[in-house]
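# Fold and geometry: a report
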Amino acid sequence: MLWLAFGPFHAMENQVLVIRIKIPNRGAVDWTVTSGPQLLFRDVLDVIGQVLPEATTTAFEYEDEDGDRITVRSDEEMKAMLSYYYSTVMEQQVNGQLIEPLQIFPRACKPPGERNIHGLKVNTRAGPSQHSSPAVSDALPSNSLKKSSAELKKILANGQMNEQDIRYRDTLGHGNGGTVYKAYHVPSGKILAVKVILLDITLELQKQIMSELEILYKCDSSYIIGFYGAFFVENRISICTEFMDGGSLDVYRKIPEHVLGRIAVAVVKGLTYLWSLKILHRDVKPSNMLVNTRGQVKLCDFGVSTQLVNSIAKTYVGTNAYMAPERISGEQYGIHSDVWSLGISFMEPLQLLQCIVDEDSPVLPVGEFSEPFVHFITQCMRKQPKERPAPEELMGHPFIVQFNDGNAAVVSMWVCRALEERRGQQGPP
Ligand code: ATP
Ligand code: MG
């Protein structure tokens, strides 16, 4: 099987690549490429020219995770496509799924007349082709069954998420409020993260929570976890969200500053987005910052439902180390309090909660971190809420500006390497 041939992310680029050239209304042709990242835009057009000789193709497209088409017209855009594809392969590999070929859609071509005039082989298998020349594949069952996440979102947003369609698998972790499971959604074939919280509340309150969660459908940012739906069964609520294969930041030990910087950028963008919707996060901490092997960083567990927060709070004991001093002493909570938690989330080692309330704000060990990083943390952790940076100042801070380059590959490689190491330590399954 092809996926067995794939090693860690960096080694993957030397492996066999199968490009599936989709032909309008007529199936597809699988082309096995051995040159991998050295592949040029021109080479792809040449092969498309062989497959569709009667059409003039000047560009082609591929689909991103939301099913949106992205056009490729140059070697630069080819590189971006391959980097995106290799990260999806890594994700499929981590999830134990079959590796899907890279699908491309030739553009500006007339519908082909008679095809297969160049002696192309017919590939009737469901899996990726191992042929070294283009091969026409017929039914493409694995692809036709797979729904794009945009499509999935549409289905789930129609309230079609229910207990019967979900198969709970591993436990991802326990929090104060509930337990998070990795789960399989049967109708869509998607892996989800489902948070199950036990709540002994009235039907009225259940309804109120469900309506308060409605706003999650409107949250549309690549820095916020995707929401698929929620439902009550007896005295528990299940909240279904996008599964992040890298898990939360709290399980990563030492994060190098150039990686942490890119993560901080995503977190600041996620918070800025929530604040723009007048949502305060209220629980900013490393376990609520999720990463995946694509290098994406997303926030989860923000307080959109006051009723849900209140109901969980009744069973919640103690406080947490990321809370701002004004919150611990029961004063008003605002954007500034989220900013404090942002600062402390990126600070290691953590200081004792008592120190934060009673003494001066903690400072980072000098020498270990860059000056902009230390400045960023110290500004976020000013004891007076109003002295902390406002949202627009956060985005303009030199530490954030420095790492705001959209380089997801840095985070992606770091997550992939950490997962490999973790798997190595656990030994063979
Ligand atoms: P608290 O209850 O105080 O917020 P917590 O964030 O650690 O603490 P949960 O929110 O219940 O607790 O999450 C438990 C664990 O599940 C997290 O630490 C994280 O590792 C994992 N997790 C949560 N959501 C996802 C997700 N969407 N994808 C992958 N892992 C997740
Ligand atoms: Mg959480």
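Residues numbered from 1 in each chain as written. Chains lettered and ligands numbered in written order. Predicted model: local features only at pLDDT ≥ 70, side-chain atom pairs only at ≥ 80, totals over all residues. Heavy atoms only, no water.

### Description of the coordination of the magnesium ion (ligand 2)
The protein atoms donating to the magnesium ion (ligand 2) are Asn-288 (OD1) and Asp-301 (OD), with metal-donor distances spanning 2.0 to 2.1 Å. Here Asp-301 lies in the loop between strand 14 (297-299) and helix 9 (306-315) and Asn-288 lies in the loop between helix 8 (257-276) and strand 13 (289-291), a separation of 13 residues in the sequence. You can call Asn-288 buried: its relative accessible area is 3%. (Donors = N, O, S within 2.8 Å, 3.2 Å for Na, K, Ca; no water. Helix = DSSP H or I, 4+ residues; strand = E, 2+ residues; numbered from the N terminus. Buried < 20%, exposed > 50% of the residue type's maximum accessible area, 1.4 Å probe, protein only.)

### Quick look at the nonpolar core
The nonpolar side chains of soluble globular proteins are, as a tendency, buried together. One finds Ile-263, Leu-342 and Phe-346 to be the most contacted residues of the largest nonpolar core, which totals 61 residues. Excluding its chain neighbours within four sequence positions, the residues that come into contact with Leu-342 are Val-267, Val-268, Leu-271, Val-284, Phe-376, Cys-380 and Leu-394. Counting 28 residues, the second-largest nonpolar core is a separate cluster that includes Ile-23, Val-33, Phe-41 and Val-72. (Core = buried A, V, L, I, M, F, W, Y, C linked by side-chain atoms within 4.5 Å. Contact = heavy atoms within 4.5 Å.)

### A closer look at the site of ligand 1
Contacts to ligand 1 come from 22 residues, most closely from Asn-176, Lys-195, Ser-248, Lys-285 and Asp-301. Separating an oxygen atom of ligand 1 from a backbone N or O atom of Gly-175 is a distance of 3.3 Å. A distance of 2.7 Å separates an oxygen atom of ligand 1 from a polar atom in the side chain of Asp-301. Protein chains shield 89% of the accessible area of ligand 1, which is 610 Å² for the free molecule. Elements with a minimum of two residues in the shell around ligand 1: strand 8 (166-174), strand 9 (178-185), strand 10 (190-198) and strand 12 (236-242). Residues that form the shell around ligand 1 fall into these classes: 7 nonpolar, 10 polar and 5 charged. (Near = heavy atom within 4 Å. Polar contact = N/O pair within 3.5 Å; in protein donor to acceptor, adjacent residues only side chain to side chain. Areas by Shrake-Rupley, 256 points an atom, 1.4 Å probe, with all protein chains shown as cover. Nonpolar A, V, L, I, M, F, W, Y, C, P; charged D, E, K, R; others polar.)

### So, the pattern of salt bridges
Applying the stated criterion across every chain yields a total of 19 salt bridges. A salt bridge links Asp-30 to Arg-20, with the nearest nitrogen and oxygen atoms 2.7 Å apart. Of this pair, Asp-30 sits in strand 2 (residues 28-33) while Arg-20 sits in strand 1 (residues 17-22), placing them 10 residues apart in sequence. Since its relative accessible area comes to 0%, Asp-30 is described here as buried. Relative accessible area serves as the criterion here: at 1%, Arg-20 is assigned to the buried category. Its salt-bridge partner being Arg-73, residue Glu-77 comes within 3.8 Å of it at the nearest N-O pair. (Salt bridge = Lys/Arg side-chain N within 4 Å of Asp/Glu carboxyl O.)

### Some points on unusual backbone geometry
We note that Glu-234 has phi near 50°; this positive angle belongs to a residue other than glycine. Along the chain, Glu-234 falls in the loop between strand 11 (227-233) and strand 12. We note that Arg-282 has phi near 75°; this positive angle belongs to a residue other than glycine. Inspection of the secondary structure puts Arg-282 in the loop between helix 8 and strand 13. By relative accessible area, which is 34% here, Arg-282 ends up partly exposed.

### Some points on the pairing of strand 8
Sheet topology places strand 8 next to strand 9; 6 bridges connect them, and they run antiparallel. Directly across from His-174, in strand 9, lies its bridge partner Thr-179. Following strand 8, the chain reverses through 3 residues before pairing antiparallel with strand 9. (Pairing = 2+ DSSP bridges.)

### Topic: the confidence of the model for the chain
The predicted model of the chain averages 79 in pLDDT, with 77% of residues at 70 or higher. Of the regions scoring below 50 in pLDDT, residues 1-11 engages in 28 contacts with residues more than four places distant in sequence or in other chains. A low-confidence stretch, residues 154-158 (pLDDT under 50), is modelled with 8 contacts involving residues beyond four sequence positions or located in other chains. (pLDDT = per-residue confidence, 0-100.)

### A short note on the packing of aromatic side chains
Under the defined criterion, the tally for this structure stands at 9 aromatic pairs. Every member of this aromatic cluster is reached through a ring pair, and the members are Phe-373, Phe-376, Phe-399 and Phe-403. Against the face of Phe-105 rests Arg-69, its NZ or CZ located 3.6 Å from the ring centre. Its end group placed over the ring of Tyr-252, Arg-422 keeps NZ or CZ at 4.9 Å from the ring centre. (Phe/Tyr/Trp six-rings, centres within 6.5 Å; stacked < 30°, edge-to-face > 60°. Lys NZ or Arg CZ within 6 Å of the ring centre and 35° of its normal.)

### Description of the sheet that holds strand 11
Strands sit in the order 8-9-10-12-11 across an open sheet of 5 strands; the sheet is antiparallel. Edge positions in the sheet fall to strand 8 and strand 11, since each of these pairs with one other strand and no more. Each adjacent strand pair in this sheet contributes to an overall mean axis angle of 25°, direction not counted. The strands that helix 6 (residues 203-213) touches are strand 11 and strand 12; relative to strand 11, the one it contacts most, it runs at about 180°. (Axes fitted to C-alpha atoms, helices over the stretch in contact; angles between N-to-C directions.)

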